[in-house]
Structures are given as structure tokens and as C-alpha cells.
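What follows is each chain in one-letter form.
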Amino acid sequence: MKIISDKNNLQVLHEDNHIIVINKRVGDIVQGDKTGDKPLSEVVKEYIKDKYNKPGEVFLGVIHRLDRPTTGIVIFARTSKALTRMNELFSNRETQKTYWAIVKNKPQNTEDKLVHYLKRNERNNTSKAHIKEVPESKIASLHYKIIASLQNYYGLEIDLHTGRHHQIRAQLSAIGSPIKGDLKYGFDRSNPDGGIHLHARKLVFTHPVTKENIEIIAPTPNDAIWNAI
């Protein structure tokens, strides 16, 4: 997919009057939190303000988030109308989300549907995947297939059916295939940049205003393992 802009470490994949789509880097935080670090949402606001010479405050609505160590597609709304309609699309699961992941341990099956019950632990910010329902758990479902066999790793393509906290990370860990670099979910060592090899690769949705079908594909980070895929 053609990159519209790649300035100030901000890679813009799609931009119109209603939405803007960014290819998030490792370490970017989508929305402000207790760390006090500058969030991606503020960087995008500055980009819009500068590009269009906008006076005053720029409106930008956060529709969804990606984990800080994860890369890939993040979409923001530039109007309140787009924010309302995109929120409805996400909550009604009317979007198609595809991720890529790198794991060292080959899953038992070449492709499979995984269904678990995820219970979130607020204290240590993790989610545990259970085979059977437990109190305060939520059902989580995804489909994966192996798309690449590298020298020491395997590339997986994942279609997400639900959007639970740390869902892909927890479910792949539960089948013995934690994501490369993901210490929190059982990988044996961290990546040099502190990220994990999980990338929000593709997003398909109906435009909130024009109603056209939009397909966004995000280039993977530039490293040896991603480049091998």
C-alpha cells in the first residue's frame, strides 16, 4: 500500500476529511495514560494542524487501540460523525481485522480456530486464556494459519473474531506459541527495541460517510525477520 506521508516518524496510510489511518511504531502509545508519555493521538493532531494550517484545537477521536509493543494499523476519526459511526462498526464487529505474528514454537496445526475464555488481571495488566468459562471471563475467538516457515521462526496470519484485552498474545501463549519478544506471555527473551513481533496488518471496513469499501494494508517494520516474510 502506498504511504501518503512518512514525516516525523508518522507513517500515514490513508487520509480524508473524516478519518486518518496511521502505521503505528513499536513503543507508540495510542492514547495518553499514567506514564505521561506523548501519545500518538497528539502527534496526529499536530500533523493535521500543521498540514492544513488549522487554527485552534484539532478534533481527533480515538476509535481503538493497539498494545504499546505492537505495530500496525490504528485509525482515528477527524469528525464527530465519523467517530460515532466507526465506534458502531467496531462494537458491532463489522470490520475485518488481520494480524501477522512471529512465533518460535510451531503450532500443532497448520491452521486452526482458537476459542478461549479470557480473564483479565488488572494488577499486572495481563489476560489468562482458559479452555472453559471461569468467573468474570469473556469468550475470545480467532483463526490462524501458518504463512511462513523461517529458519528459527514461523509466521502466522490471524483473523480476529473478537477484540479482547491482549487476546492474540494470550491465546497464542496458551497453545505454546508465544509471540517473539513477548516476555509477559512466555517468550524467553525480549526484542532489542522492547517491542513484540505482532503487527496489525490489514483492516477492511465500510467508510463511515462515503460508504465505500476501504482496505488498508500496513507495511511491516523494517527488520530481518519481518523482511523474510
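Everything below is about the structure printed above this text.
Overview of the structure. Just so we're clear, the structure is a prediction, and the values are computed from it rather than from any experiment.

1. Digging into the overall build of the protein chain
Along its length, the protein chain carries four helices and 12 strands. For 229 residues, the compact-globule estimate of 2.2 N^0.38 gives 17 Å, and the protein chain sits close to it at 18 Å. When its C-alpha atoms are laid out on the principal axes, the protein chain stretches across 55 × 40 × 35 Å. Counting over 229 residues, the protein chain shows a buried share of 46%. Sequence-distant contacts in the protein chain: of pairs separated by 6 or more residues, those separated by 24 or more amount to 60%.

2. Notes on the pattern of salt bridges
Any two side chains of opposite charge can pair, on the condition that their charged atoms come close. One pass over the structure, following the stated rule, counts 12 salt bridges. Arg169 is the partner of Asp67 in a salt bridge, and the nearest nitrogen-oxygen pair spans 3.1 Å. Residue Asp67 is found in the loop between strand 4 (61-62) and strand 5 (71-77), and its partner Arg169 is found in helix 3 (residues 167-174); the two are separated by 102 residues along the sequence. Note on Arg169: relative accessible area 5%, which makes it buried. Between Glu122 and Arg120 there is a salt bridge, with the nearest N and O atoms lying 3.9 Å from each other. In this structure, a network of salt bridges that share partners links the residues Glu42, Lys45 and Glu57.

3. Here's the deal with the environment of Pro192
Residue position: Pro192 is located in the loop between helix 3 and strand 11 (198-206). Owing to a relative accessible area of 88%, Pro192 belongs among the exposed residues under this scheme. Taking the C-alpha atoms as reference points, Pro192 and Gly181, 11 residues apart in sequence, are found 8.6 Å from one another.

4. Re the packing of aromatic side chains
A complete count under the given rule lists zero aromatic pairs for this structure. The side chain of Arg201 reaches across the aromatic face of Trp100, ending 4.2 Å from its centre.

5. Thoughts on helix 1 (residues 40-51)
Since the α-helix turns once every 3.6 residues, residues separated by three or four places project in the same direction. The end-to-end C-alpha distance of helix 1, which contains 12 residues, comes to 16 Å, matching closely the 16 Å that a straight helix rising 1.5 Å per residue would cover. Residue Asn53 follows helix 1 closely and has a positive phi angle near 50°.

6. Describing the nonpolar core
With 47 residues, the main nonpolar core has Ile20, Val44, Ile75, Phe76, Ile158, Ile168 and Leu172 as its most contacted residues. For Ile158, the residues in contact, after removing those within four places along its chain, are Lys97, Thr98, Tyr99, Ala101, Leu142, His143, Tyr144, Ile168 and Leu172. The next biggest cluster of nonpolar side chains, apart from the first, holds six residues, and it includes Trp100, Tyr153, Phe187 and Ile225.

7. A few points about the environment of Val115
Locating Val115 in the fold gives a position in strand 7 (residues 111-121). Classification of Val115 as partly exposed rests on a relative accessible area of 38%. For Val115 and Arg78, which are 37 residues apart along the polypeptide, the C-alpha to C-alpha distance reads 35 Å. Contacts of Val115, omitting those with residues within four sequence positions, involve Ile139, Ala140, Ser141 and Gln171.

8. A word on the pairing of strand 9 (residues 138-149)
Where strand 7 lies against strand 9, eight bridges are found, and the strand directions are antiparallel. Within strand 9, the position partnered with Tyr117 by the bridge is Ile139. Pairing of strand 9 with strand 10 (residues 154-160) involves seven bridges; the strand directions are antiparallel. Directly across from Tyr144, in strand 10, lies its bridge partner Ile158. Adjacent in sequence and paired antiparallel, strand 9 and strand 10 are bridged by four residues.

Reading guide: rules and limits
Residues numbered from 1 in each chain as written. Predicted model: local features only at pLDDT ≥ 70, side-chain atom pairs only at ≥ 80, totals over all residues. Heavy atoms only, no water. Helix = DSSP H or I, 4+ residues; strand = E, 2+ residues; numbered from the N terminus. Rg over C-alpha atoms; globule rule 2.2 N^0.38 Å. Buried < 20%, exposed > 50% of the residue type's maximum accessible area, 1.4 Å probe, protein only. Contact = heavy atoms within 4.5 Å. Salt bridge = Lys/Arg side-chain N within 4 Å of Asp/Glu carboxyl O. Phe/Tyr/Trp six-rings, centres within 6.5 Å; stacked < 30°, edge-to-face > 60°. Lys NZ or Arg CZ within 6 Å of the ring centre and 35° of its normal. Expected span 1.5 Å × (residues − 1). Core = buried A, V, L, I, M, F, W, Y, C linked by side-chain atoms within 4.5 Å. Pairing = 2+ DSSP bridges.

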